[in-house]
Each structure stands twice: as structure tokens, then as C-alpha cells.
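# Results of the structural survey
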Amino acid sequence: MTVRAGAGKDLATRFRRDGYAVLPAALSPDEVDGLRAETVRICRGQRGAVEGAPVPVEGESDDDTVRRFLCVHYPHKLSSLMLDTMRHPAVVGPLTEVIGPDIKSMQSMLFVKSEGRPGQAWHQDEMFIPTRDRSLTAAWLALDDATVDNGCLWVLPGSHRPGVIYPNREHDDARYDCTVQSYGFPYDEADAVPVEIAAGSVLLFHGYLLHRSLPNNGRRGFRRALVNHYMSASSLLPWAHPGIEVPMAQADFRDIVLVAGNDPYAYKGTTGIRTPRVRRDRSGGCDR
């Protein structure tokens, strides 16, 4: 069964039950066009340095320039438009229904994924970004229609409910990039559901939800998406080692953006720890 945006139960109820929910047409076509154009500027290096970015080629078309990227991490640190989108009311409003009134964001990822580019193996986002209250939520904004052919997300509905982080391992599956693969979970791949959504729509999903994407097998074209991660601002974020003689229980990553409500830890200030970089695919080498 393919999941498409549509009416249904209350957003928070569906999110608690399934671990995901779709916000149809959250952004207008003009807003989506603006983000696509900004993607070109980022890939051309016009918004600042991106670690690991391929060297621009003089005379290269916009599409060919963008095609050489798989994903850029932290585009909101390069682009005021990407930062504004992280705070977009059409996304943040629904997030307050599933997270709460006080929300911070700690990561953005700009996926390009042109034809032939890999997807990501089964994984849980909370495995990479640990929150103390399990409030991690992704907002996956489609900049192109996301379909089975071009590599939309697949989810295992309800797999977030046990609140278990499953083991992970390296893999050599050419369908996927260098992200490790979760395994040993009590769900069958036959239960996986592709989430096809139109450009401008947003998929919200829980940090414990098992999900993957397959390669873009379309003949020509992109499956661009802007993915931002959010959590409750009332929770600490132990995403980096806290330092000598500081207990892990006090670890709190402060390279964050407050997008709603209040930050109880504002007295700590914020930092600029992470810098924009490209994501490795298998052709780029899986050095860890």
C-alpha cells in the first residue's frame, strides 16, 4: 500500500500510532522553486564553503553541477532561506502538536539524489542524534514529487513504539550510501510502506521509526528534499562528549536553533560546532 497525503485522524493521534504523518502542500510552489534555486547556489559554492564539495566546473549547467552532490549537511548555516524554512510556520505549527510548545532544531540536510544515486539502509534517526526524552522528529520536505521510482522514503509503521534502538552494522549493499544498517528488529520488510508525497509536502516522522530509501531509478531527474531535525527544547541533547569530568547526563549540544516557544537552557548560550559538509556515497568511499 502506498501512503499518500489525505484526511484522517488527528495529526498527533496518527503520529503516536504510526510514527509518521504527512503535511500535504505545506509549502507553496513558489517557495519550493526558491529552495530549488537556492540548492543550485549552494552547490556552486555561492553561499560559502562546503567541506568535501566537488570543485565547480566552468560552463557546467546548473543541473550537472547539482547532480554531482548526494547531500549537503547543515545548509541552514549557509543560507538564510534554508534557515527560514527550518522555522516555517507550516512545519513548526504541526510539530508543536507532536513534540510540544518548546522546540529546537539541531540539524538540516539537503538531499539532491539524482538518477542512479543511492538511498539509505534501514536506520533510526535517534541512533545518530540521541535525545534524553525521545522527542527527536524529522521534517522531510519534498522539493520534487517523491515516488517509488525516484527513491521516496519507506517506513515500518509503528516501529517507533517499543522505544528500542536496534543494533547496526556496516554493509556493502550498493543500493545505499555509507550510513550503517539497522538489523535484528522484529519487523518484516513485507510490512514496509513507501511514502509517496508531492513537492511542497512534508513527512514528519519519529526518531525511533525504522525507515530507508532506495536509489533513484528514474531515467532522468532529481529527488531533492530538505530534511530538518527537531526535538523538545526542554530536553538536553547528548550529541557530543560533554568533556572531562562532566557526566553524560549533563551533556547538552548547543549548536541549535530555537524555532518555537522558550529554551529553558538559554543561559548556556549557543555554539557553532558543526560546519557544512557533503555526505559520502559509496562511490565517494565509506571512510569512518
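See the structure printed just above.
Parameters at a glance
Residues numbered from 1 in each chain as written. Predicted model: local features only at pLDDT ≥ 70, side-chain atom pairs only at ≥ 80, totals over all residues. Heavy atoms only, no water. Salt bridge = Lys/Arg side-chain N within 4 Å of Asp/Glu carboxyl O. Helix = DSSP H or I, 4+ residues; strand = E, 2+ residues; numbered from the N terminus. Contact = heavy atoms within 4.5 Å.

Per the counting criterion, the structure on display carries 19 salt bridges. Between Asp64 and Arg67 there is a salt bridge, and its shortest N-O distance comes to 2.9 Å. Placement of the pair is Asp64 and Arg67 together in helix H3 (residues 62-67), with a separation of three residues, close to one helical turn. Lys77 is paired through a salt bridge with Asp255; the nearest N and O atoms lie 2.4 Å apart. With a gap of 178 residues between them, Lys77 in the loop between strand S2 (71-73) and helix H4 (80-86) and Asp255 in the loop between strand S12 (225-232) and strand S13 (257-260) connect regions that are remote in the sequence. When salt bridges with common partners are traced through the structure, they connect Lys104, Asp252, Arg254, Asp263 and Lys268 into a single cluster.

Bringing the environment of Thr137 into the picture now. Looking at where Thr137 falls in the secondary structure, it is placed in strand S5 (residues 137-142). Among residues more than four places away in sequence, those in contact with Thr137 are Phe15, Leu95, Ile99, Phe205, Asn228, His229 and Tyr230.

Take the environment of Asp149 next. Within the fold, Asp149 resides in the loop between S5 and strand S6 (153-155). Residue contacts for Asp149: discarding those within four places in its chain leaves Pro215, Asn216, Asn217 and Gly218.

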